[in-house]
Amino acid sequence: MKIICIGRNYVDHIAELGNERPEHPVIFMKPDTAIIRENAPFYYPEFSKEIHYECELLVKINKEGKYIEEQFAHKYYDQIGLGIDFTARDIQARSKEKGLPWETAKAFNGSAPISDFISKEGFDITSTKYELHVNGELRQQGDTSLMLWPINELIAYVSKYFTLKTGDIIFTGTPKGVGPVNIGDRLTGTLAGQEMFDFEIK
Ligand code: MG
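Conventions and cut-offs
Each residue is numbered by its place in its chain's sequence as written, counting from 1. Owing to the predicted nature of the model, reporting of local features is limited to residues with pLDDT of at least 70; listing and counting of side-chain atom pairs is limited to 80 or more, with chain, interface and lining totals taken over all residues. Only hydrogens and water are removed before side-chain values are computed, so all heavy atoms of the structure are retained for them. Pairing between strands is defined by DSSP: at least two bridges between the two strands are required. Each helix is a run of H or I in the DSSP string that is no shorter than four residues. Each strand is a run of E no shorter than two, and both are numbered from the N terminus. Residue contacts are counted whenever heavy atoms from the two residues lie within 4.5 Å of one another. Interaxial angles span 0 to 180 degrees and are taken between N-to-C directions of axes, which are lines fitted to C-alpha atoms, for helices over the stretch in contact. Burial status follows relative accessibility: with a 1.4 Å probe on protein chains alone, a residue under 20% of its type maximum counts as buried, one over 50% as exposed, and anything between as partly exposed. As a rule, N, O and S atoms within 2.8 Å of a metal are its donors, except that Na, K and Ca use 3.2 Å; water is not among the atoms, so sites may look incomplete. Note on terminology: a nonpolar core comprises buried Ala, Val, Leu, Ile, Met, Phe, Trp, Tyr and Cys residues joined through side-chain atoms within 4.5 Å.

A. Quick peek at the sheet that holds strand β9 (residues 118-119). Pairing is mixed across the open sheet formed by 6 strands, whose spatial order is β2-β1-β12-β5-β6-β9. The sheet is open, and its two edges are formed by β2 (26-30) and β9, each paired on a single side. In this sheet, β9 lies alongside strand β6 (residues 77-84) in antiparallel orientation, the contact comprising 2 bridges. Bridging from a neighbouring strand, Q79 pairs with S119 of β9. Contacts from helix α4 (residues 151-161) reach β1 (3-7), β2, β5 (55-61), β6 and β12 (169-171) within the one sheet, and its direction differs from that of β5 by about 60 degrees.

Take a look at the structure:
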(Lines give C-alpha, C1' and ligand atoms only; values in the text may rest on other atoms or scores of the structure.)
Protein backbone atom coordinates (compact mmCIF):
# COMPACT_ATOMS: atom_id res chain seq x y z
CA MET A 1 0.00 0.00 0.00
CA LYS A 2 1.01 3.59 -0.31
CA ILE A 3 0.26 6.80 1.53
CA ILE A 4 -0.47 9.80 -0.64
CA CYS A 5 -0.42 13.17 1.07
CA ILE A 6 -1.84 16.46 -0.08
CA GLY A 7 -0.08 19.67 0.90
CA ARG A 8 -1.55 23.17 0.94
CA ASN A 9 -5.23 22.23 0.75
CA TYR A 10 -6.49 24.83 3.23
CA VAL A 11 -6.10 28.56 2.59
CA ASP A 12 -5.60 29.44 6.26
CA HIS A 13 -2.71 26.95 6.58
CA ILE A 14 -1.05 28.22 3.38
CA ALA A 15 -1.14 31.69 4.91
CA GLU A 16 0.36 30.65 8.26
CA LEU A 17 3.42 29.10 6.58
CA GLY A 18 3.74 31.96 4.07
CA ASN A 19 3.41 29.55 1.15
CA GLU A 20 2.11 30.33 -2.30
CA ARG A 21 -1.39 29.18 -3.14
CA PRO A 22 -0.72 26.32 -5.57
CA GLU A 23 -2.24 26.00 -9.02
CA HIS A 24 -2.69 22.25 -8.55
CA PRO A 25 -2.75 20.05 -5.45
CA VAL A 26 0.70 19.50 -3.95
CA ILE A 27 1.35 15.77 -3.66
CA PHE A 28 3.97 13.80 -1.77
CA MET A 29 4.12 10.26 -0.41
CA LYS A 30 5.12 8.36 2.67
CA PRO A 31 6.18 4.70 2.80
CA ASP A 32 4.29 2.14 4.90
CA THR A 33 7.11 2.31 7.48
CA ALA A 34 5.77 5.77 8.41
CA ILE A 35 2.59 4.31 9.87
CA ILE A 36 1.92 4.12 13.60
CA ARG A 37 -1.31 2.41 14.66
CA GLU A 38 -3.42 1.81 17.73
CA ASN A 39 -2.17 4.81 19.71
CA ALA A 40 1.40 3.56 19.87
CA PRO A 41 3.74 6.37 20.97
CA PHE A 42 5.70 8.55 18.56
CA TYR A 43 9.41 8.60 19.34
CA TYR A 44 10.96 12.01 18.74
CA PRO A 45 13.73 11.48 16.17
CA GLU A 46 17.27 12.67 16.86
CA PHE A 47 17.67 14.29 13.42
CA SER A 48 15.20 17.11 13.99
CA LYS A 49 14.69 19.85 16.56
CA GLU A 50 11.35 20.96 15.18
CA ILE A 51 8.77 18.23 14.64
CA HIS A 52 5.35 19.70 13.86
CA TYR A 53 1.96 18.02 14.04
CA GLU A 54 -0.47 18.39 11.12
CA CYS A 55 -3.84 16.80 11.84
CA GLU A 56 -5.57 15.56 8.68
CA LEU A 57 -8.66 13.71 7.55
CA LEU A 58 -7.81 10.34 5.97
CA VAL A 59 -9.52 8.47 3.18
CA LYS A 60 -8.96 4.75 2.62
CA ILE A 61 -9.22 3.53 -0.98
CA ASN A 62 -11.36 0.42 -1.45
CA LYS A 63 -10.75 -0.52 -5.09
CA GLU A 64 -8.22 -0.09 -7.83
CA GLY A 65 -8.57 2.80 -10.21
CA LYS A 66 -6.78 5.30 -12.38
CA TYR A 67 -8.06 8.33 -14.23
CA ILE A 68 -11.05 8.22 -11.91
CA GLU A 69 -13.66 10.79 -12.86
CA GLU A 70 -14.65 13.16 -10.11
CA GLN A 71 -18.30 12.14 -10.35
CA PHE A 72 -17.36 8.50 -9.61
CA ALA A 73 -14.66 9.19 -7.02
CA HIS A 74 -17.04 8.59 -4.10
CA LYS A 75 -17.22 4.92 -5.11
CA TYR A 76 -13.50 4.45 -4.45
CA TYR A 77 -13.62 4.90 -0.70
CA ASP A 78 -16.09 3.98 2.00
CA GLN A 79 -14.00 4.60 5.11
CA ILE A 80 -12.46 7.69 6.65
CA GLY A 81 -10.08 8.23 9.55
CA LEU A 82 -7.86 10.80 11.19
CA GLY A 83 -4.08 11.01 11.28
CA ILE A 84 -1.05 13.16 11.85
CA ASP A 85 1.31 14.16 9.06
CA PHE A 86 4.38 14.66 11.25
CA THR A 87 6.79 17.06 9.62
CA ALA A 88 10.38 17.89 10.49
CA ARG A 89 9.85 21.59 9.80
CA ASP A 90 13.54 22.44 10.18
CA ILE A 91 14.54 19.87 7.55
CA GLN A 92 11.64 20.87 5.32
CA ALA A 93 12.70 24.54 5.50
CA ARG A 94 16.23 23.64 4.39
CA SER A 95 14.84 21.44 1.58
CA LYS A 96 12.53 24.19 0.35
CA GLU A 97 15.38 26.71 0.35
CA LYS A 98 17.48 24.46 -1.83
CA GLY A 99 14.62 23.17 -3.97
CA LEU A 100 15.25 19.63 -2.73
CA PRO A 101 12.66 16.88 -2.16
CA TRP A 102 10.79 16.56 1.14
CA GLU A 103 11.16 12.87 2.00
CA THR A 104 13.48 13.22 4.97
CA ALA A 105 11.19 15.93 6.38
CA LYS A 106 7.91 14.13 5.78
CA ALA A 107 8.32 10.40 5.20
CA PHE A 108 10.55 9.25 8.06
CA ASN A 109 9.73 6.33 10.39
CA GLY A 110 6.63 7.01 12.44
CA SER A 111 5.67 10.16 10.56
CA ALA A 112 2.13 8.91 9.92
CA PRO A 113 0.16 7.94 13.03
CA ILE A 114 -3.31 6.87 11.87
CA SER A 115 -6.57 6.05 13.60
CA ASP A 116 -8.78 3.09 12.92
CA PHE A 117 -11.04 3.72 9.95
CA ILE A 118 -14.80 4.17 10.23
CA SER A 119 -17.58 4.01 7.68
CA LYS A 120 -18.23 7.28 5.85
CA GLU A 121 -21.95 6.51 6.01
CA GLY A 122 -23.70 9.09 8.11
CA PHE A 123 -21.06 11.74 7.40
CA ASP A 124 -21.49 14.59 4.97
CA ILE A 125 -17.99 14.26 3.64
CA THR A 126 -18.16 17.76 2.14
CA SER A 127 -18.53 19.35 5.59
CA THR A 128 -17.00 17.07 8.18
CA LYS A 129 -15.34 18.64 11.19
CA TYR A 130 -12.34 17.37 13.13
CA GLU A 131 -10.13 18.62 15.93
CA LEU A 132 -6.69 18.10 17.44
CA HIS A 133 -6.01 18.68 21.12
CA VAL A 134 -2.47 18.75 22.52
CA ASN A 135 -2.36 18.07 26.26
CA GLY A 136 -6.09 18.78 26.38
CA GLU A 137 -5.78 22.17 24.64
CA LEU A 138 -7.51 22.74 21.30
CA ARG A 139 -4.88 23.40 18.60
CA GLN A 140 -6.49 22.60 15.24
CA GLN A 141 -10.03 22.65 13.91
CA GLY A 142 -10.62 21.27 10.44
CA ASP A 143 -13.69 21.45 8.27
CA THR A 144 -13.64 19.67 4.93
CA SER A 145 -15.90 22.38 3.46
CA LEU A 146 -12.82 24.67 3.57
CA MET A 147 -10.63 22.45 1.39
CA LEU A 148 -9.30 24.07 -1.79
CA TRP A 149 -9.72 20.70 -3.50
CA PRO A 150 -12.48 18.55 -2.01
CA ILE A 151 -11.90 14.82 -1.59
CA ASN A 152 -13.49 13.72 -4.85
CA GLU A 153 -11.42 16.23 -6.83
CA LEU A 154 -8.28 15.02 -5.03
CA ILE A 155 -9.01 11.40 -5.96
CA ALA A 156 -9.56 12.39 -9.60
CA TYR A 157 -6.33 14.40 -9.68
CA VAL A 158 -4.12 11.93 -7.80
CA SER A 159 -5.34 8.94 -9.83
CA LYS A 160 -4.14 10.56 -13.07
CA TYR A 161 -0.57 10.10 -11.86
CA PHE A 162 -0.78 7.13 -9.49
CA THR A 163 -3.02 4.09 -9.80
CA LEU A 164 -4.96 3.88 -6.56
CA LYS A 165 -5.14 0.44 -5.00
CA THR A 166 -7.19 -1.12 -2.24
CA GLY A 167 -5.77 -0.10 1.11
CA ASP A 168 -4.03 3.06 -0.06
CA ILE A 169 -4.50 6.00 2.28
CA ILE A 170 -4.83 9.66 1.34
CA PHE A 171 -3.89 12.39 3.83
CA THR A 172 -6.08 15.26 2.66
CA GLY A 173 -4.16 18.26 4.02
CA THR A 174 -4.06 20.19 7.26
CA PRO A 175 -5.93 23.28 8.43
CA LYS A 176 -4.19 26.13 10.27
CA GLY A 177 -2.81 25.77 13.77
CA VAL A 178 0.19 23.52 13.08
CA GLY A 179 2.90 23.67 15.69
CA PRO A 180 5.75 21.87 17.42
CA VAL A 181 5.48 18.82 19.66
CA ASN A 182 7.63 18.06 22.67
CA ILE A 183 8.48 14.85 24.47
CA GLY A 184 5.70 14.14 26.95
CA ASP A 185 2.93 15.75 24.87
CA ARG A 186 -0.32 13.87 24.35
CA LEU A 187 -2.12 14.26 21.02
CA THR A 188 -5.83 13.57 20.85
CA GLY A 189 -7.83 13.70 17.64
CA THR A 190 -11.60 13.75 17.23
CA LEU A 191 -13.72 13.39 14.11
CA ALA A 192 -17.25 14.78 14.35
CA GLY A 193 -16.84 14.64 18.11
CA GLN A 194 -15.71 11.01 18.20
CA GLU A 195 -12.25 10.26 19.62
CA MET A 196 -10.08 8.71 16.91
CA PHE A 197 -6.58 8.68 18.40
CA ASP A 198 -4.84 9.53 21.64
CA PHE A 199 -1.10 8.95 21.86
CA GLU A 200 2.03 10.26 23.47
CA ILE A 201 5.30 11.75 22.22
CA LYS A 202 8.23 9.88 23.77
MG1 MG B 1 0.22 17.80 5.76
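B. Main features of the pairing of β2. Burial of the side chains of β2 is restricted to one face: V26, F28 and K30 are buried, whereas none of I27 and M29 on the reverse face is. With 5 bridges joining them, β1 and β2 adopt antiparallel strand pairing. Bridge pairing in β2 links C5 to F28.

C. Looking closely at the coordination of the magnesium ion. The magnesium ion binds to the protein through E54 (OE), E56 (OE) and D85 (OD); the donor distances cover 2.0 to 2.1 Å. For the magnesium ion, the single-chain donor residues occur in sequence as E-x1-E-x28-D. Note that E56 is positioned in strand β5 and D85 in the loop between β6 and β7 (87-88), a separation of 29 residues in sequence.

D. Fine view of the sheet that holds strand β14 (residues 186-191). An order of β11-β10-β14-β15 is seen for the 4 strands of this open sheet, with the pairing classed as antiparallel. Only two strands of the sheet have a single neighbouring strand rather than two, namely β11 (137-143) and β15 (194-200). Strand-to-strand twist of the sheet, defined as the mean angle between neighbouring strand axes without regard to direction, takes the value 15 degrees. Sheet topology places strand β10 (residues 129-134) next to β11; 6 bridges connect them, and they run antiparallel. By the bridge assignment, V134 is partnered in β11 with E137.

E. Structural detail: α4. Taken as a whole, α4 has its buried residues at I151, L154, I155, A156, Y157, V158 and S159. Of the surrounding secondary structure, the elements contacted by the buried residues of α4 are β1, β2, β5, β6 and β12.

F. Examining the nonpolar core more closely. Judged by nonpolar contacts, the single largest core of 45 residues is most densely connected at I84, F86, I155, L187 and F197. For this core, the secondary-structure elements that each account for two or more residues are β1, β4 (51-53), β5, β6, β10, α4, β14 and β15. Setting aside chain neighbours within four positions, we find L187 in contact with Y53, I84, F86, L132, H133, V134, V181, F197, D198, F199 and I201. With 13 residues, the next largest nonpolar core counts I3, F28, I35 and W102 among its residues.

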